Amino acid sequence: MSCSVRVNNNLTNFFAVNNGVKQGCNISPTLCSIYINDLAQEIKDAQLGISVDEIIIGILMYADDIVLLSESEEDMQSMLNIDIQDLLKERYLVAIGVHPKHILTPPQRQAFLELLRVPDVAGFGEVGIDHTVRSPDMWYRQEEQLRSMLPHIQPHQVLILHIRGLRDDPTGLEAYMRCFDVVREWVPLEQKIQLHCFSGTEEVIRVWLERFPNTYFSLSGMVAKFSDVQRRAVKSIPADRLLLETDAPYFPLAMYPRYEGISASLRF
């Protein structure tokens, strides 16, 4: 299968994709269901979850999201272990993260750090800064949470950063630079970093690559709405630092039907 990226009605050169399905392919949710069904069955067989009218409910699933329900930290840890081991058996790589809109309690933070120490966890994230939340108090808590987590990243793990600026600042320049200031305090220069759903400027690309040469910029369906400034930034990304992602089902491309639950998998 060959793919290209459409930017402002122009197509890049085609490149080979050896795994996955096309963006918007109807078989994608079916394949996802085939895999996820085994995971749900394992959690059900383990009798882990909460009791509702004498029925044990341990897992809720919607599109590509999973919610685990537990009456204790120990049971939740057991369910997470099932999730990780299932993914590893299928030769998936596992990333553990906390969206910056969620601030962990001390027990939750401890459980998160314990998961990060599992040897087969390959990604640390997504974590980061999200200023679409219009609360300076929340911005402070996001930065403090990020600072408390970054010292625990392992050299083999990819740091996956979620960075969003104010709603009236589509390039998020202030947020990218603020996150950069926090990350450079704690993260080694050679650390591999993924700027998830990148939407920034050429200046952002230059600054991050100068400090962290192993930074990768991943693009999603958001490119369909990029400004001229953002398009120029995309063209300036070195080819060996450019990644594609779907972030499904949140950013489907406009040219495809927005079916509920559609996702795609691209592996390079």
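Because the structure is a prediction, the values reported are computed rather than measured.

Visitor: For this particular structure, what's the right way to read the sheet that holds strand β13 (residues 215-219)?
Guide: Ordered in space as β9-β10-β11-β12-β13-β14, the 6 strands form an open sheet in which the pairing is parallel. Strands with a single pairing partner mark the edges of an open sheet, and in this sheet they are β9 (94-96) and β14 (242-244). Ignoring strand direction, the axes of neighbouring strands in this sheet form an average angle of 30°. Where strand β10 (residues 121-130) and strand β11 (residues 158-164) come together, 7 bridges link them in parallel fashion. In the sheet register, Gly123 faces β11, and the bridge partner there is Val158. The strands that helix α5 (residues 173-186) touches are β10, β11 and β12 (193-196); relative to β11, the one it contacts most, it runs at about 145°.

Visitor: Quick question: what am I supposed to make of the pattern of salt bridges here?
Guide: Once the charged atoms of two side chains with opposite charge are near each other, the side chains can pair. On inspection of all chains with the given rule, the structure shows 9 salt bridges. For Glu185, the salt bridge goes to Arg147, with nearest N and O atoms at 3.5 Å. With Glu185 in helix α5 and Arg147 in helix α4 (residues 136-149), this residue pair connects regions lying 38 residues apart in the sequence. Salt bridges here are not isolated pairs; linked through shared partners, they connect Glu143, Glu144, Arg147, Arg178, Asp181, Arg184 and Glu185.

Visitor: Even after reading the chapter, I still don't get the side chain of Thr215, so can you show me in this structure?
Guide: Note on placement: Thr215 falls in strand β13. A polar atom in the side chain of Thr215 sits 2.8 Å from the backbone oxygen of Phe212. In this view, Thr215 contacts Ile193, Leu195, Trp208, Leu209 and Arg241; residues no more than four positions away in its chain are not counted.

Visitor: What's the story with empty space enclosed by the protein in this structure? I'm lost.
Guide: If a probe as big as a water molecule is rolled over the atoms, it shows which places are left empty. Within this structure, the stated rule accounts for 1 cavity of 30 Å³ or more. Along its surface, the largest cavity is lined by Val98, Pro100, Val127, Gly128, Gln142, Gln145, Leu146 and Met149. Listed by contribution, the elements that provide at least two residues to the lining of the largest cavity are β10 and α4. In terms of residue count, α4 provides more of the lining of the largest cavity than any other element does, 4 residues in total. Its residues assigned to classes, the lining of the largest cavity shows 5 nonpolar, 3 polar and no charged.

Visitor: I tried to follow the nonpolar core on my own but got confused; where do I start?
Guide: Note on soluble globular proteins: their nonpolar side chains tend to be buried together. Leu159, Leu161, Val183, Leu195, Phe198 and Trp208 are the most contacted members of the largest nonpolar core, which totals 45 residues. For this core, the leading source of residues is α5, giving 7 residues. Not counting the four nearest positions on each side in its chain, Val183 is found in contact with Leu150, Leu159, Leu161, Ile193, Trp208 and Phe212. Formed by 9 residues, the second largest nonpolar core is a distinct cluster that contains Ile36, Ile43, Ile59 and Leu68.

The rules behind each value
Residues numbered from 1 in each chain as written. Predicted model: local features only at pLDDT ≥ 70, side-chain atom pairs only at ≥ 80, totals over all residues. Heavy atoms only, no water. Pairing = 2+ DSSP bridges. Helix = DSSP H or I, 4+ residues; strand = E, 2+ residues; numbered from the N terminus. Axes fitted to C-alpha atoms, helices over the stretch in contact; angles between N-to-C directions. Contact = heavy atoms within 4.5 Å. Salt bridge = Lys/Arg side-chain N within 4 Å of Asp/Glu carboxyl O. Polar contact = N/O pair within 3.5 Å; in protein donor to acceptor, adjacent residues only side chain to side chain. 1 Å grid on protein atoms, 1.4 Å probe; cavity = no way out; pocket = protein on both sides within 12 Å on 5 of 7 lines; lining within 4 Å. Points joined across faces, edges and corners; volume = space filled by probe spheres on them. Nonpolar A, V, L, I, M, F, W, Y, C, P; charged D, E, K, R; others polar. Core = buried A, V, L, I, M, F, W, Y, C linked by side-chain atoms within 4.5 Å. Buried < 20%, exposed > 50% of the residue type's maximum accessible area, 1.4 Å probe, protein only.

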